[in-house]
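Overview (structure and organization)
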Amino acid sequence: MGLKDPLMVEGMTQRFGRLLALDNVSATFFPGEVHAVLGENGAGKSTLMNALAGFLRPEAGQVRMGDRGIELGSPLESQRAGIQMVHQHFMLVPQFSVDENLALAKLHSLAGGLRLAQLTRPVHELARQLKWDVSGPSRTGDLPVGVQQRIEILKALSEPSPILILDEPTAVLGPDEVQDLFRVLRTLKSEGRIVILIAHKLSEVLAIADRVTVLRHGRKVAETSIPETTADQLAQWMVGDVPTQLDWQPPEPGDVLIRARGLSVRDRSKVPQVDSVDLEVRRGEVLGIGGVDGNGQTELAEALAGLRPLAAGSLEVFSKKVAYIPQDRQSEGLAVEFSVLENLFISGHQQSEFRWGPFLRLGRARLWAQDMIQKYKIKCHSLDQSVRSLSGGNQQKVVLARSLDHQPDLLIAMNPTRGLDLHATSFVHDRLREAVQNGAGLILLSTDQDELAALATRTKFMSRGRLVADTLAEALRGDA
Amino acid sequence: MIKKIGGFLWITLGLVAILLLTFACLGIPVFRSAGLIAQGSFGTWNDFTRTLVKTTPLLLTALGVLVAWRAGMYNIGGEGQFVIGGLSGAAVAQFAPGLPPSLMLGAILLATVLGGALYAGLAGWLHVKRGVQVVVSTILLNFIALEVLDWAVRGPLQEKKKQLPLTDLLAEGARLPRFSSQNDLHAGVIVAGLAVVIVGIVLFRTAWGYRVRLTGSNPGAAQAAGLRPGRIQVQAMMVSGALCGLAGGIEYTGMTAQIGTDLAQNWGFLAIPAALLGMLHPLGAGLASLYFGALFAGSKNLEAFTKAGSTIVFVVQAVAVLGFVWLSRWSEERALRREAEA
């Protein structure tokens, strides 16, 4: 199992459209180490690991072990070279039994009968050695996520793979399960394997990793050993320098528009996602809410917009006109099969100006929509064009036009510029600033530091459902 | 709109081509058969009235289907709603025989609308509150409706002599008016025609119709805009069931005047391809229903060549829908490419 040579990644470069996801990244992973790859959302961690595991073929760069090169772009080739990846989203079949899932990795040939017990015996043997037993006949979907994670890892380990990549394995685990996982990772390390851990929680990285590579905006900003660094240093590398001075003059804060006290939200399976959040936003204010994705931002935004029931706490909304710009324009902001006109009309059709009893005044609506297209510089050749055929930036302008047009006094926006180019981003920012200048309040939930810095008059960060951290570094440390 | 109508014409041409192909495959003389069908359905005024009378129940159920489908509710239960609608009407006739004739017809039709609406609303409610797939619940509710029909015409709604599994004949005054003693043309045909226009206006010119289409296209967007997609979906199901129930009521008061176990005649199932081939548009559904109505009316003439008779219509429908699904996917991709290039 032990390796002699380190795994070397050299000059990895990958572009997605205009986005440079990886920019000439090199790193060395030594046998017998747990190597953390750190970075914010979109820093390039997953792209790098997907390249290693053969799920994409990078434009440039190579991977070597000693003098042996690994051909990239084929998962099978990467597996042959001993690289196994444990995905963040489980690749398990929930309806299958544990044994059936474990056998999946072994079924390279369809010939012969399915001898589950025989196929999975070595995996169970391994599980016993790790003191990590799983029950073979249980239905996978019924098991707690921690155990599912275990099955996923065992599946990867059942191949004699000297290199194991784990993509944010602790995201769904409780503290005890995390300790359990770390114990197993230490065992694997002591066998001389390479364990690569994609992470964003600094406390965990400091607890388990031997060395760390930090990525930011697709570039490697640091590669060092853990004893030589500190949490603050790591956070600084991840986040970079953030401008502290606002480049616009917000108006004096006015009346309170929304006030939450002890607001808590649970998801469908009753797991708490937002935990006792207090906040208050006035006219002329931009409350920025930052943090790493998946720490309860979506749930908080939806609760504030009145789309989710509260599990506890109170929410007072003093604003009559609330506009919500959802995070995902494709799935929530727009009806993609609808025309530009019909999409602009999603909130407009409720206004009396466009109504005659139950009927719609489509003639008026068209004139108004023409106006919107001019005002928000939406590039389309006809109002009847389906919105699916617009570029992402123009789609977002449709959402923005619709939300801002009837002059809401409270705006709740989630990652309003995700996926947009610089030009469209600054357009969206200008419109949002304009709304605030005119007396609206804005709650801006964003994972983009620069966006928060450009707009927010004050910023808080979410960590595990709590809105308590004052800086991203604090939120990342997770000790708040 | 003009583009839409052009699309419908293409579909109609395609349907004719499929019909001819079906004849060829079955070894029936192609053009003579087609001629006989055309003659049987459009040859004389009386032939044409038979086409219209066959079109009516199909069209009303197809309109019902398309309203639900536009809201993203895949209502397969037109048949059951048709039956429950008809039965509700028969129940009024049975249990309120004292109603004056002038009110009787209105009361029966109202009952058919309500019966269908509630029956479909149940499936909608189960979907929104309990997450039961509408496809599954409406199919199962079809079976229940057919069993209820079987029981009712042998039980509480059976005719006075208690001999046949049928309800009593409706009094003359409680039936839909007819225009001539030469044919079966009844006022329900006009109702169906009006329904096309009304459903079209409701879907495309009212706020409620807009919400239905928005919900069907993306419930997430409807919710984010502050609408309540669940409520809209239940409403759409109820309107859908109301139309299917009305179809049952019109068949009852316009054609059969009594209800037997064969009330539904598969109209509720045939409506789904009719709605689909009409591109879920009322006008398209109207044309598709007229086409299939004509086939039903004309296929009697085919008995000279084959015992298949109206079964051929089912074959044509099935082939047409398969072809349509393939075609619409192809044309959607083409349209997307064009829009992207523009």
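The model shown is predicted, which means the values in this text are computed figures rather than measured ones.

1. Digging into the overall build of chain A
Within chain A, the regular secondary structure consists of 16 helices and 21 strands. Rg of the C-alpha trace for chain A: 25 Å, near the compact-globule value of 23 Å for 480 residues, within the 12% margin. Each principal axis of the C-alpha atoms in chain A carries an extent, and together these give about 75 × 50 × 45 Å. Burial statistics for chain A: of 480 residues in total, 53% are counted as buried.

2. Focus: the domain arrangement of chain A
All names here are of chain A. For chain A, the domain assignment lists domain 1 (7–239) and domain 2 (256–477). When each unit is reduced to the centre of its C-alpha atoms, the spacing between domain 1 and domain 2 is 35 Å. Taken together, the contact pairs 14 residues of domain 1 with 11 residues of domain 2. The junction of domain 1 with domain 2 conceals about 1,100 Å² of combined surface from both sides, 54% of it contributed by carbon and sulfur atoms.

3. Considering the nonpolar core
A:Leu154, A:Leu185, A:Leu344, B:Leu277 and B:Phe292 are the most contacted members of the largest nonpolar core, which totals 185 residues. By residue number, the principal contributor to this core is helix α3 (residues 45–70) of chain B, which donates 10 residues. In terms of domain composition, this core takes at least three residues from each of domain 1 (7–239) and domain 2 (256–477) of chain A. Once residues lying within four places of it in the same chain are set aside, the contact partners of B:Leu277 are B:Ile11, B:Leu15, B:Ala288, B:Phe292, B:Ala320, B:Val321 and B:Phe324. Counting residues in hydrophobic clusters, the runner-up holds 28 residues, among them A:Leu7, A:Leu22, A:Leu48 and A:Val63.

4. A few points about the interface of chain B and chain A
Each side of the interface is counted separately: chain B has 20 residues, and chain A has 27 residues. Contact between chain B and chain A buries roughly 2,000 Å² in total, counting both sides, with carbon and sulfur atoms accounting for 59%. The interface formed by chain B and chain A holds 1 salt bridge in total. Of the charged contacts in the structure, one is a salt bridge between B:Arg213 and A:Glu342, with a shortest N-O distance of 2.6 Å.

5. Observations regarding the sheet that holds strand β11 (residues 256–266) of chain A
Residues and elements named next belong to chain A. The strand order across the open sheet formed by 3 strands is β12-β11-β14, and the pairing between neighbours is antiparallel. Two strands bound the open sheet, and with one partner strand each, they are β12 (272–282) and β14 (312–317). On average, adjacent strands in this sheet sit at an angle of 15° to one another, irrespective of strand direction. The strands touched by helix α9 (residues 297–304) are β11, β12 and β14; relative to β11, the strand with the most contacts, the crossing angle is about 130°.

6. As for the sheet that holds strand β9 (residues 211–216) of chain A
Pairing between the strands of a sheet is mediated by backbone hydrogen bonds and can be parallel or antiparallel. Residues and elements named next belong to chain A. With mixed pairing, 6 strands are arranged side by side in an open sheet as β6-β7-β8-β3-β9-β10. With partners counted over all chains shown, the strands left at the sheet margins are β6 (83–86) and β10 (219–225), one partner each. Adjacent strand axes in the sheet meet at a mean angle of 15° when their direction is disregarded. In this structure, strand β3 (residues 33–38) lies alongside strand β8 (residues 194–199), joined through 6 bridges in parallel fashion. Looking at the pairing, Glu33 lines up with Ile194 of β8. The sheet strands contacting helix α1 (residues 45–52) are β3, β6, β7 (163–167), β8 and β9, and the helix crosses β8 at an angle near 150°.

7. As for the packing of aromatic side chains
One pass over the full model with this rule turns up 11 aromatic pairs over all chains. Between the aromatic rings of A:Phe338 and B:Tyr210, the centroid separation amounts to 6.0 Å while the plane-to-plane angle is 55°, which identifies the pairing as tilted. With A:Phe338 in the loop between α10 (329–333) and α11 (340–348) and B:Tyr210 in helix α8 (residues 207–217), this pair bridges two chains. Accessibility classification places A:Phe338 together with B:Tyr210 in one group, the buried group. Aromatic pair B:Trp267 and B:Phe296: ring centres 5.6 Å apart, planes at 75°, arrangement edge-to-face. Residue B:Trp267 is found in helix α11 (residues 267–277), and its partner B:Phe296 is found in helix α12 (residues 282–298); the two are separated by 29 residues along the sequence. Positioned over the ring face of A:Phe427 is A:Lys397, at 4.8 Å from the centre of the ring. A cation over a ring is seen here: A:Arg431 above A:Phe427, with NZ or CZ 4.8 Å from the ring centre.

8. Overview of helix α7 (residues 188–205) of chain B
All names here are of chain B. The terminal C-alpha atoms of α7, which comprises 18 residues, lie 25 Å apart, in line with the 26 Å expected from a rise of 1.5 Å per residue. The set of residues buried in α7 consists of Gly188, Val189, Ala192, Ala195, Val196, Val199, Gly200 and Leu203. Where α7 is buried, its residues touch α3, α8, α10 (229–256) and α12.

What counts as what
- Residues numbered from 1 in each chain as written.
- Chains lettered and ligands numbered in written order.
- Predicted model: local features only at pLDDT ≥ 70, side-chain atom pairs only at ≥ 80, totals over all residues.
- Heavy atoms only, no water.
- Helix = DSSP H or I, 4+ residues; strand = E, 2+ residues; numbered from the N terminus.
- Rg over C-alpha atoms; globule rule 2.2 N^0.38 Å.
- Buried < 20%, exposed > 50% of the residue type's maximum accessible area, 1.4 Å probe, protein only.
- Domains from an automatic or database assignment.
- Contact = heavy atoms within 4.5 Å.
- Buried area = accessible area lost by both parts, 1.4 Å probe.
- Core = buried A, V, L, I, M, F, W, Y, C linked by side-chain atoms within 4.5 Å.
- Salt bridge = Lys/Arg side-chain N within 4 Å of Asp/Glu carboxyl O.
- Pairing = 2+ DSSP bridges.
- Axes fitted to C-alpha atoms, helices over the stretch in contact; angles between N-to-C directions.
- Phe/Tyr/Trp six-rings, centres within 6.5 Å; stacked < 30°, edge-to-face > 60°.
- Lys NZ or Arg CZ within 6 Å of the ring centre and 35° of its normal.
- Expected span 1.5 Å × (residues − 1).

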